[in-house]
Every structure is written in C-alpha cells, then in structure tokens.
Amino acid sequence: MANNTRARRQARLSRSLGIALTPKAAKYMERRPYGPGEHGRARKKQDSDYAVRLREKQRLRAQYGIREAQMTRAFEEARRTKGLTGENLIELLEMRLDALVLRAGFARTIAQARQLVVHRHIMVDGVRVDRPSFRVGEGQLVHVHSRSETMVPLQVAAAGAHRDVLPAVPAYLDVKLEALQARLVRRPKRSEIPVTCEEQLVVEFYAR
C-alpha cells in the first residue's frame, strides 16, 4: 500500500512538473499527458516569469530528490566555483553518491538509490557511506558491500534489469554492473548528465 501511495504521489508530481520522475510515472503520463486535478486538461494561462523559473528549479530538485536547503547550498557552492554557475550546479549534484548509484544501474529510481545508501549497502573505496549527499571524488570507487551483494534487489540490478528504464551509462562512469562496481573516472560535464533542466532559469531564480 505504501509503495502504491508513493507511486501515485510521484506520478502526480511528474504530471505537475511535466517530466517523468520514475518509470511508473512515465507510464502514468503516457495515459494522462496533462496536469493533475480536475482542471488538468484545461488550457492554462501564461505563466509569469517567476513561475517559469520556480517550476524549473522544482524540476531539478525533483530529479535529484533533494530538499530546498540542499539545493540552496549546492547553488552557493556552484556560484563560488569557476565557470558557469548553472552547469556547475548540475555537475555538483551529479557527483552525489545517490545520483551515481542510480546512474550506475544499481537502483531503478533516485529514491531506491538513496535507500541503498541510507541502509549502508553502499561503500566508497572500501568504506561504508550512509549519506546520500556524500560527494564522490574523481577516481573513487562506488561499490556494494559484500554482505549486501546477495540481496534480491541488488542481484536483479547486477543482471542489468534496470538498464531498460535508465539512460545509457554516462562516459564519466566506468561501470562493472555484474560486480556492482562503478568508478567516477572524472568530473561530469553538463552536456553528458541525463537530467532535463534549463539551468539558466534556475540561476535566475536564485539570483532574483
């Protein structure tokens, strides 16, 4: 029941933001390609500039499943980093441990990836890490704890069962899926990161 409730909530949020956040939500959106609620089919009035920027920020947050405080901290770090702030922001978010667990194919959704981390099934360079926000460094190895490898969900992942619903493994990850290992070979580039976002609108939201 809890899983069904969570799936419906994610589907509703996906329809509201206009982007599928989970494989199940994608199926819901195929059947109902319009916003949620009784007025979902109605033609909407033109959004204000603020509403457009707000929705884009919410879309990015939802894709990484992070809280507003986490998003704000990441933005401030991105702004202090040399380069384009919007690109820096997404690159920093992509280096979160839960995001890389998802990209590697160890999990089917960002929520499942976070759960694997929180429940201490994931290690970085041989050390258990239970913080989804942990920043993985270049060259570090993300892998599943040996005692967790026999768990059914992880065995399913190792067999490649999630590859049909996930984007192709990006070039910044060297993945050995059957061994449940993934190495961040270099910092991700914005152009390679499989998130849907007009990052300049997010920058404008925070810079207002």
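Residues numbered from 1 in each chain as written. Predicted model: local features only at pLDDT ≥ 70, side-chain atom pairs only at ≥ 80, totals over all residues. Heavy atoms only, no water.

*Asks:* I keep staring at the environment of valine 124 and nothing clicks. Help me out?
*Replies:* Tracing the backbone through its elements, the reader meets valine 124 in strand β1 (residues 122-124). The buried category is assigned to valine 124, whose relative accessible area is 4%. Sequence separation between valine 124 and phenylalanine 134 is 10 residues; the distance between their C-alpha atoms is 9.6 Å. If near-sequence neighbours (up to four positions away) are discounted, valine 124 is found in contact with Leu97, Val129, Phe134, Gln140, Leu141, Val142 and His143. (Helix = DSSP H or I, 4+ residues; strand = E, 2+ residues; numbered from the N terminus. Buried < 20%, exposed > 50% of the residue type's maximum accessible area, 1.4 Å probe, protein only. Contact = heavy atoms within 4.5 Å.)

*Asks:* Sorry, what's going on with the sheet that holds strand β5 (residues 181-184) here?
*Replies:* Neighbouring strands of a sheet are bound in pairs by backbone hydrogen bonds; such pairs are parallel or else antiparallel. Read from one edge of the open sheet, five strands run β2-β1-β3-β5-β4, paired in antiparallel fashion. For this open sheet the edge positions go to β2 (127-128) and β4 (173-176), each flanked by a neighbour on one side alone. Sheet topology note: the strand β3 (residues 141-144)/β5 ladder contains three bridges and is antiparallel. The partner of histidine 143 across the bridge, within β5, is glutamine 181. Here helix α6 (residues 97-104) sits on the sheet and contacts β1, β3, β4 and β5; the angle it forms with β4, its principal contact strand, is near 55°. (Pairing = 2+ DSSP bridges. Axes fitted to C-alpha atoms, helices over the stretch in contact; angles between N-to-C directions.)

*Asks:* How do you make sense of the packing of helix α5 (residues 85-94) against helix α9 (residues 199-207) when you look at a structure like this?
*Replies:* Pairs of packed helices are described in terms of their axes, by the angle between the two and the distance that separates them. Running from N to C, α5 and α9 point in directions that differ by 100°, and their axes come no closer than 8 Å. Considering their axes alone, α5 and α9 lie roughly perpendicular with respect to each other. Residues Thr85, Gly86, Glu87, Leu89 and Ile90 of α5 form the contact with α9, whose participating residues are Glu199, Val202 and Val203. When the residues that make up the contact of α5 with α9 are grouped by side-chain class, the tally is four nonpolar, two polar and two charged. (Parallel < 35°, antiparallel > 145°, perpendicular 65-115°, else oblique. Nonpolar A, V, L, I, M, F, W, Y, C, P; charged D, E, K, R; others polar.)

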